[in-house]
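A look at the structure
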Amino acid sequence: MAEIHEINPLIKEELLSIYQAFASVCEKHQLKHWVAFGTMLGAVRHHGFIPWDDDFDIFMLREDYEKFLSVADKELPEYFKLVTHRNCSAYPAIFGKIQESRREVYEKIESETDYINPHGLYIDIFPLDGMPSSWIEQKLDLLRYAVGYCRKKYLFRKGKHGSLAGAISRCAGWFMGLFLWKRKTENDFAFMLDLWVKKYPTTGCKFVRVGSLDARFQRKEYCFLREIFDDSEVVLFETITVPVPKKWDAALRTLYGDSYMTPPPVEKRVSEHSKSKKAPWYYGPKVEK
């Protein structure tokens, strides 16, 4: 993992440019969104990027997220590429990215800084989906996720389960694979999971969540009270303003606990996104499914 103790202004500038193009489309089509995860924390705690973070995340309710996907290719500038599991067969996730595809931008950043991110520069857009309310539906939902988690453990994490629970999941996934899906790629798996997470609409539900198998079974699930996203306010973020939920305190406590305003120890102030492995969605979608 590369240490980035202070994000370079060139990177900030380009990420903000991608976000502003996204926000312009949302404004034109009256689509709500909020900055998410560390971007929301940075907006509240630092009034901009977390100094050692090179990331920009967005939340959208599922209904608005789907509307954005339907107009993005037509509305975004041609040098910003929308990447999802639906338009890129190499992409494994069920959330979307908008990626800067101009090579001269990368060359400028990489030649003038020590920062090289093979994923390119992008912002992440995470849809928020509803959750079941009845006891029976909750149990069926958990079972569905558990089956998916076992299958994913077997398909994509062979030899890297790291725990007894992971080993059991891998074996269970192998057994179920004899009788269930014949899906072989992470992209195929993303299509299956995408159908599951969209099962419950966000209207009328008490909770919304970010669909993630790993979050549900390895750490705290990203689950929020739906009312957190009823209203918005804008806050300063670097040289622009961005929307946050009006109940941003509740959102940040859900994500990071009660001490979210206290920065981590110096040794943990590093980027989580600068990795040496080349990402298959580099410079936007290559193969349409």
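In case you missed it, the structure is sitting above this.
Summary of the structure given here. (Residues numbered from 1 in each chain as written. Predicted model: local features only at pLDDT ≥ 70, side-chain atom pairs only at ≥ 80, totals over all residues. Heavy atoms only, no water.)

1. Comments concerning the pattern of salt bridges
Counted according to the given criterion, the structure contains 16 salt bridges. Measuring nitrogen to oxygen at the nearest pair gives 3.7 Å for the salt bridge that ties lysine 12 to glutamate 238. With lysine 12 in helix α1 (residues 9-28) and glutamate 238 in the loop between β8 (232-237) and β9 (240-245), the pair connects residues that are 226 residues apart, well separated along the chain. For arginine 62, the salt bridge is made with glutamate 66, and the minimal N-O distance between the two is 2.7 Å. Of the two residues, arginine 62 and glutamate 66 are both situated in helix α3 (residues 62-75); the distance of four residues between them amounts to about one turn of the helix. You can call glutamate 66 partly exposed: its relative accessible area is 23%. Linked through salt bridges whose partners overlap, the residues forming this network are Arg62, Glu66, Arg86, Asp129, Asp194 and Lys198. (Salt bridge = Lys/Arg side-chain N within 4 Å of Asp/Glu carboxyl O. Helix = DSSP H or I, 4+ residues; strand = E, 2+ residues; numbered from the N terminus. Buried < 20%, exposed > 50% of the residue type's maximum accessible area, 1.4 Å probe, protein only.)

2. Re the pairing of strand β6 (residues 207-210)
Relative to β6, strand β5 (residues 122-130) is paired through three bridges, and the arrangement is antiparallel. Among the inter-strand pairings, leucine 128 is bridged to a residue of β6, identified as valine 210. Relative to strand β7 (residues 223-225), β6 runs antiparallel, the two sharing three bridges. Looking at β7, one finds that phenylalanine 207 is bridged to leucine 225. (Pairing = 2+ DSSP bridges.)

3. A look at the packing of aromatic side chains
Applying the stated criterion across every chain, the model contains 16 aromatic pairs. Seen in terms of ring centroids, phenylalanine 37 and tyrosine 222 are 5.1 Å apart; in terms of plane orientation they differ by 70°. Their pairing is edge-to-face. Linking phenylalanine 37 in helix α2 (residues 37-45) with tyrosine 222 in the loop between α8 (213-218) and β7, this pair joins segments that are 185 residues apart in sequence. Look at phenylalanine 59 and phenylalanine 229: their rings are 6.0 Å apart centre to centre, the planes differ by 85°, and that puts the pair in the edge-to-face class. Of this pair, phenylalanine 59 sits in strand β2 (residues 57-61) while phenylalanine 229 sits in the loop between β7 and β8, placing them 170 residues apart in sequence. As far as burial versus exposure is concerned, phenylalanine 59 and phenylalanine 229 are alike and both buried. Among the aromatic residues, ring-to-ring pairing joins Trp34, Phe37, Phe59, Tyr91, Phe95, Phe126, Tyr222, Phe224 and Phe229 into one connected group. Stacked on the ring of tyrosine 79, the Lys or Arg arginine 102 has its end atom at 3.8 Å from the ring centre. (Phe/Tyr/Trp six-rings, centres within 6.5 Å; stacked < 30°, edge-to-face > 60°. Lys NZ or Arg CZ within 6 Å of the ring centre and 35° of its normal.)

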